[in-house]
Amino acid sequence: RKAHGCLIFNTASEFGLRHPEFSEDIKQVLLVFNRLFEQAVLRAQHEGTIPEKASPADLGVYLCASLGSLRTLAKIGTPPKTLAALIPNLLKALE
């Protein structure tokens, strides 16, 4: 199965800088994604599964960027085994 990536990340990388008319809309959607991850981090902190010392906002951005990066790597044909090996390192930020 061919990975096509995420419409938002694909649009950001293809049109973001070359077409400023799209930039603000893309930023707003990515902010929503960041906030969703931030809320998930906050929830996990309240449940005690992520340390409270971590910044929920910073982790929200990090998780969103990490997800986009993984999808991009998958899209260019990075072997699944290589992608899977990246995940534990990405998750260390949540410790």
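This one's a predicted model, so the numbers in the text were calculated from it and none came from an experiment. (Residues numbered from 1 in each chain as written. Predicted model: local features only at pLDDT ≥ 70, side-chain atom pairs only at ≥ 80, totals over all residues. Heavy atoms only, no water.)

Topic: the overall build of the chain
Secondary structure summary: the chain contains 4 helices and 0 strands in total. The helix and strand sequence of the chain, counted from the amino end, reads α-α-α-α. Viewed in the frame of its principal axes, the chain has a C-alpha envelope of about 40 × 35 × 20 Å. Buried residues in the chain amount to 27% of all 95 residues. If you take every contact in the chain between residues at least 6 apart in sequence, the share linking residues at least 24 apart comes to 49%. Within the structure as shown, the chain displays about 6,800 Å² of accessible surface, and the carbon and sulfur contribution to it stands at 64%. Separation of charge centres in the chain, based on 11 positive and 9 negative side chains, amounts to 11 Å. (Helix = DSSP H or I, 4+ residues; strand = E, 2+ residues; numbered from the N terminus. Buried < 20%, exposed > 50% of the residue type's maximum accessible area, 1.4 Å probe, protein only. Contact = heavy atoms within 4.5 Å. Areas by Shrake-Rupley, 256 points an atom, 1.4 Å probe, with all protein chains shown as cover. Lys, Arg positive; Asp, Glu negative; His and termini not counted. Charge placed at Lys NZ, Arg CZ, Asp CG, Glu CD.)

Any functional reading would require information beyond the geometric quantities listed.
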